[in-house]
Amino acid sequence: MPRFASIDIGTNSVLLLVADRQPDGRFQAVVERAEITRLGRGVDTSRVLSSDGMEATLSVLVAFANEARELGAEAIAVSATSAARDAKNGADFIAAAKARADVTVEIIPGEMEAQLSFAAVAQDFASEAAGPLLVVDIGGGSTEFIYGNDAGTVAFRHSFDVGAVRLTERYVRTDPLSREERGAIESHLRDTFSALPPPPPASMLVGVAGTVTTLYALQHQMATYDAEAVHGGTLSRGELDALTDRLCALPLDARRALPGLQPKRADVIPAGALILREAVKALGLDACRVSDRGLRWGLLAHRFGSGSSS
């Protein structure tokens, strides 16, 4: 059966998915990998991709592209999101990716990022939802909200320039966060999310991307990440409140040692937790379901699904 790959280059991490397209059009994963490279370090202030961030990301991109080809992928779709959108030298990164990894990186707009993430979530969760499906996609540089209607199509989508890396760089100067720093982040998020329309009755919220899956892994103290156990899980508002308070109070070294948390994500996870907590509050909901399948899955279906040109 045909095999394809997608690579999602985010502000904080790079994710690889190699999958076989089944006869029914669904994809079955062969390999999934993720590496934190922090492409977007400093972009919020400088609007320039740093040489360190670019080099770390390009090295992983080369390795991921080579692995996909070795596994027999017929084609590779590569997307870049918030950091590459914001940076003045995004074109330099695209040129380097072509030269070193022989891939074409598409810098996708926030609205398309939202739509692809929603498509990935709807594939697995739409049948469970008693009403409309809501998706929150928390990245390093931006957070996307998508509302689906009862027919499963997108009724509202918006990308906000708040992400775990961006807010950490903008507000955090002490270890652990001071009360004032946490308050400033919360205030900014409340102001930002006040633009969200009220969700329809009986809506189910699903969170995607590394912040959300990490918070679930932390809640359940997963020494080894288990995607099958994470996918479809639930974080209650009470759990989010307690987890956010704990992460904001712990110093960086203590966070790095927590089971379920990648050490490279430890510096930005308090801001990520605050984003999810404030999102759930802004939507007036009691819980958030967890999806391990985000943009990379939506991109794969968009580019190589049975209805595509490939």
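Residues numbered from 1 in each chain as written. Predicted model: local features only at pLDDT ≥ 70, side-chain atom pairs only at ≥ 80, totals over all residues. Heavy atoms only, no water.

Labelled according to an unreviewed UniProt entry, the protein appears under the name Ppx/GppA family phosphatase, originating from Corallococcus aberystwythensis.

Peer 1: Can you help me understand the overall build of the protein in this one?
Peer 2: Each helix and strand counted, the protein has 13 helices and eleven strands in total. Over its C-alpha trace the protein gives a radius of gyration of 18 Å, about what one expects of a compact globule, namely 19 Å for 310 residues. Seen through its C-alpha atoms, the protein measures out along the principal axes to roughly 50 × 45 × 35 Å. Going through the 310 residues of the protein one by one, you find that 55% of them count as buried. A separation of at least 24 residues holds for 70% of the contacts in the protein among residues at least 6 apart in sequence. Separation between the mean location of the 31 positive side-chain charges and that of the 39 negative ones in the protein comes to 2 Å. (Helix = DSSP H or I, 4+ residues; strand = E, 2+ residues; numbered from the N terminus. Rg over C-alpha atoms; globule rule 2.2 N^0.38 Å. Buried < 20%, exposed > 50% of the residue type's maximum accessible area, 1.4 Å probe, protein only. Contact = heavy atoms within 4.5 Å. Lys, Arg positive; Asp, Glu negative; His and termini not counted. Charge placed at Lys NZ, Arg CZ, Asp CG, Glu CD.)

Peer 1: What is the right way to read the packing of aromatic side chains from this model?
Peer 2: Describing an aromatic ring pair means giving the distance of the ring centres and the angle of the ring planes. One pass over the full model with this rule turns up five aromatic pairs. Plain terms: the ring middles of F145 and F160 are 5.7 Å apart, the flat faces sit at 80 degrees to each other, and that makes the pair edge-to-face. In this pair, F145 sits in strand β7 (residues 143-148) while F160 sits in strand β8 (residues 154-160), placing the two residues 15 residues apart along the sequence. Take F145: its relative accessible area is 1%, and that puts it in the buried class. Using a relative accessible area of 8% as the deciding quantity, one classes F160 as buried. Through successive ring pairs, a cluster of aromatic residues spans F145, F160 and F193. Positioned over the ring face of W297 is R293, at 3.9 Å from the centre of the ring. (Phe/Tyr/Trp six-rings, centres within 6.5 Å; stacked < 30°, edge-to-face > 60°. Lys NZ or Arg CZ within 6 Å of the ring centre and 35° of its normal.)

Peer 1: How should I be thinking about the side chain of S6 in this particular structure?
Peer 2: Topologically, S6 is positioned in strand β1 (residues 3-9). Among the residues examined, S6 registers a relative accessible area of 0% and is labelled buried. Separated by 2.8 Å, the side chain of S6 and the backbone oxygen of R296 make a polar contact. Setting aside chain neighbours within four positions, we find S6 in contact with L15, L16, L17, A77, R296, L299 and L300. (Polar contact = N/O pair within 3.5 Å; in protein donor to acceptor, adjacent residues only side chain to side chain.)

Peer 1: Looking at this structure, I do not really get the nonpolar core. What am I missing?
Peer 2: Here is a general trend for soluble globular proteins: nonpolar side chains tend to be buried in one another's company. One finds F145, F193, L215 and L276 to be the most contacted residues of the largest nonpolar core, which totals 43 residues. For this core, the elements supplying multiple residues, two or more each, are β6 (133-138), β7, α7 (179-193), α8 (210-219), α10 (237-249), α12 (269-283) and β11 (287-290). Tallying contributions element by element places α12 first for this core, with nine residues. Among residues more than four places away in sequence, those in contact with F145 are V135, V136, F156, R157, H158, F160, F193, L196, A279 and L283. Core analysis: the second largest hydrophobic core is formed by 30 residues, V14, V31, M54 and V78 among them. (Core = buried A, V, L, I, M, F, W, Y, C linked by side-chain atoms within 4.5 Å.)

Peer 1: Where do I start with the pattern of salt bridges in this structure?
Peer 2: Side-chain pairs of opposite charge can arise where the charged atoms are in close proximity. One pass over the structure, following the stated rule, counts 20 salt bridges. Notably, a salt bridge pairs E113 with R85, separated by 3.0 Å at the nearest N-O pair. Of this pair, E113 sits in helix α5 (residues 110-125) while R85 sits in helix α3 (residues 82-86); the two residues are 28 residues apart in sequence, bridging distant segments of the chain. For E113, a relative accessible area of 6% translates into the label buried. Look at R85 and you get partly exposed, because its relative accessible area is 26%. What you see here is one network of salt bridges that share partners, running through R182, E186, D241, D245, R277, E278 and K281. (Salt bridge = Lys/Arg side-chain N within 4 Å of Asp/Glu carboxyl O.)

Peer 1: Help me understand empty space enclosed by the protein in this model?
Peer 2: Over the atoms, a rolling probe the size of a water molecule traces out where space has been left empty. Scanning the model with the defined rule gives one cavity of 30 Å³ or more in all. The calculated volume of the largest cavity comes to roughly 60 Å³. Looking at the largest cavity, the residues that line it are T11, G40, V43, D44, S82, A83, D86, G140, G141, V165, R166 and E169. At the level of secondary structure, the elements contributing two or more residues to the lining of the largest cavity comprise α1 (43-46), α3 and α6 (164-171). For the lining of the largest cavity, the per-class residue count stands at three nonpolar, five polar and four charged. (1 Å grid on protein atoms, 1.4 Å probe; cavity = no way out; pocket = protein on both sides within 12 Å on 5 of 7 lines; lining within 4 Å. Points joined across faces, edges and corners; volume = space filled by probe spheres on them. Nonpolar A, V, L, I, M, F, W, Y, C, P; charged D, E, K, R; others polar.)

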